[in-house]
Amino acid sequence: MTVPTPTIAPAQGRLGVLAVGLGAVTSTLIAGVELAKRSMAEPVGSLTQMGTIRLGRRTDHRVPLIRDFVPLASLDDIVFGAWDPFPDDAYVAAQRAGVLDGPRHLESISDALRAVRPMKAAFDVNYVKRLDGPNTMGSVSKRAMLEQLREDINRFREDNRLDRVVMLWAGSTEIFLEPGPAHVDIESFEKAIDANDPTIAPSMLYAYAALLEGVPFANGAPNLTVDIPALRNYAAEHGVPISGKDFKTGQTLLKTVLAPMFKARMLGVSGWYSTNILGNRDGEVLDDPESFKTKEESKLGVLEHILEPDRNPSLYGDIYHKVRINYYPPRGDNKEGWDNIDIFGWLNYPMQIKVDFLCRDSILAAPLALDLVLFSDLAKRAGLGGIQEWLSFYYKSPQVAPGLYPEHDLFIQLTKLKNTLRWMMGEDQITHLGIDYYLDSEA
Ligand SMILES: NC(=O)c1ccc[n+]([C@@H]2O[C@H](COP(=O)([O-])OP(=O)(O)OC[C@H]3O[C@@H](n4cnc5c(N)ncnc54)[C@H](O)[C@@H]3O)[C@@H](O)[C@H]2O)c1
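Counting of residues starts from 1 at the beginning of each chain's written sequence and follows it residue by residue. The predicted origin of the model limits local features to residues at a pLDDT of at least 70 and limits the giving and counting of side-chain atom pairs to 80 or more, whereas totals for whole chains, interfaces and linings rest on all residues.

Remarks on the site of the ligand
- Around the ligand, the structure places 36 residues, and the nearest of them are G21, G23, V25, A221 and R281.
- A run of DSSP states H or I qualifies as a helix once it reaches four residues; a run of E qualifies as a strand once it reaches two. Both are numbered from the N-terminal end. Sorting the residues of the shell around the ligand by element identifies α1 (24-37), α12 (281-286) and α15 (361-381) as the ones contributing at least two each.
- The element contributing the most residues to the shell around the ligand is α15, with four residues.
- Residues are grouped as follows: Ala, Val, Leu, Ile, Met, Phe, Trp, Tyr, Cys and Pro are nonpolar; Asp, Glu, Lys and Arg are charged; every other residue, Gly included, is polar. When grouped by side-chain class, the residues that make up the shell around the ligand number 20 nonpolar, eleven polar and five charged.
- What marks off one domain from the next here is an automatic or database domain assignment. Mapped onto the domain boundaries, the shell around the ligand takes at least three residues apiece from domain 1 (15-247 + 362-424) and domain 2 (251-358). We call a residue near a molecule or strand when its C-beta atom, built from the backbone, sits within 6 Å of it.

Here's what the structure looks like:
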């Protein structure tokens, strides 16, 4: 089936970015964008800012920057806003998160950071048990929260004379919820809001408010949020892009590079033990078993889908896969992700691989957040509504249409993303067949 190339509206005017949660990731994102705007730092890790894309044949030598190829909003046109249960502005939030060096990366842009003051959060401690801040809407009904969020979006849009808005969930990981009767369609969802049904989490209210206001929504945490039939269908029917879940940053990023390699080489895996120590607020929230369960599900699914044990039972049918996250305050945002992988090769001889990734969580997440914001805005201007599977590249548990399995292999995800950009701009797909080069030379 050939899908016609979409018409893309230009990226004119100002783009509002509403972050749910003004914690480590959001404050690092804002600071990085402000520094990059002033040419005081490079947006390392961001495909939209630094990545290139090959067009046409290898011999054509057409490899523009992605941002020169597709019409993306300029960093200069971005205006940030946020909600958070803590009243700290982005400057204080960045200092408290301790990710960035104050004298080097915060002082020179302190005015811009101080200008981002969080709106009152739609927060309920039952969904994030380790937090309780004073800057909330209080214990009002879910309907009242939804209406307030819609008002907040519109006020933010008007006050800042914005042309478009995108919403990003960079809030804490909520407790584990499974899709249930309240989520099947928008009628049931609406009724459940009125009944203050406990299966409607605050994150769902943010997502619904975004969709009702025509605002694309990207979910950086593993919460169910917008991954329920009611909101997926609403987004598709109303032409609003959605994507999620859970930024693919540290350990899972490595997993989705290593596991495809084992499968590509038909090497067996008998065990994969992953442990993490981290000491930021995210780590504290994940110390609660109910929030950890949400994260665990997101981290565990990856191997199953990549290795396909049912198709390769002798290689992967008996894997022991374990994921641990331990809250360890001395490390702050500087996480250590340690993996022990037991593999086997020819004649079943065992081997081991140890990976010790001393990473910086928010340094890895901020560029993903920026790309998601810019690509979600692009998708909206291209008239693409509903699940944006081409953004799977950024997520640990990519959202996909019902009946499809998620694609986890990082390089397949990248190919999918770039081919989507090529399709949007009317360029040929790159299949990597390459036989034409040899046929041509013989002709
Ligand atoms: N940093 C990474 O590498 C990474 C990777 C994958 C996923 N994530 C997820 O991204 C999210 C943000 O991570 P972080 O390190 O910035 O965490 P953080 O704890 O520093 O920030 C989260 C912020 O969300 C706020 N919050 C909680 N509930 C809220 C609500 N209902 N409304 C508005 N704000 C709310 C908290 O007060 C907090 O300030 C977490 O869910 C984390 O699991 C992060």
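Read on, since the account is not over.
Focus: the nonpolar core
- To define a nonpolar core, we join buried Ala, Val, Leu, Ile, Met, Phe, Trp, Tyr and Cys residues through C-beta atoms within 7 Å and take the resulting set. Residue burial is a threshold on neighbouring C-beta atoms within 10 Å of the residue's own C-beta, all placed from the backbone, with 20 or more meaning buried, 12 or fewer meaning exposed, and counts in between meaning partly exposed. Membership of the largest hydrophobic core comes to 109 residues, with the highest contact counts inside it found for A94, M167, L168, L205, Y206 and A369.
- Here this core gets eleven residues from one element, more than from any other, and that element is α15.
- Each of domain 1 (15-247 + 362-424) and domain 2 (251-358) contributes no fewer than three residues to this core.
- The contact criterion used here is simple: two residues whose C-beta atoms, placed from the backbone, lie within 7 Å are in contact. In contact with A369, not counting residues within four places along its chain, are V25, L29, L168, A170 and G220.
- L258, V269, L303 and Y316 belong to the second-largest nonpolar core, a separate cluster that totals twelve residues.

Notes on the packing of α1 against helix α4 (residues 90-97)
- Structural elements are reduced to axes, namely lines fitted to C-alpha atoms, with helices fitted over the stretch in contact, and the angle between N-to-C directions of any two is expressed from 0 to 180 degrees. Closest axis-to-axis distance for the α1/α4 pair is 9 Å, and the angle between their directions is 115°. As for the relative orientation of α1 and α4, their crossing is left-handed in sense. Residue-level inspection shows A24, S27, T28, I30 and A31 of α1 in contact with α4, the latter providing A90, A93, A94 and A97.
- Class assignment of the residues belonging to the contact of α1 with α4 gives a composition of seven nonpolar, two polar and no charged. Rotating anticlockwise by less than a right angle from the far helix to the near helix defines a left-handed crossing, while the corresponding clockwise rotation defines a right-handed one.

Don't take any of this as a statement about function, it's just geometry.
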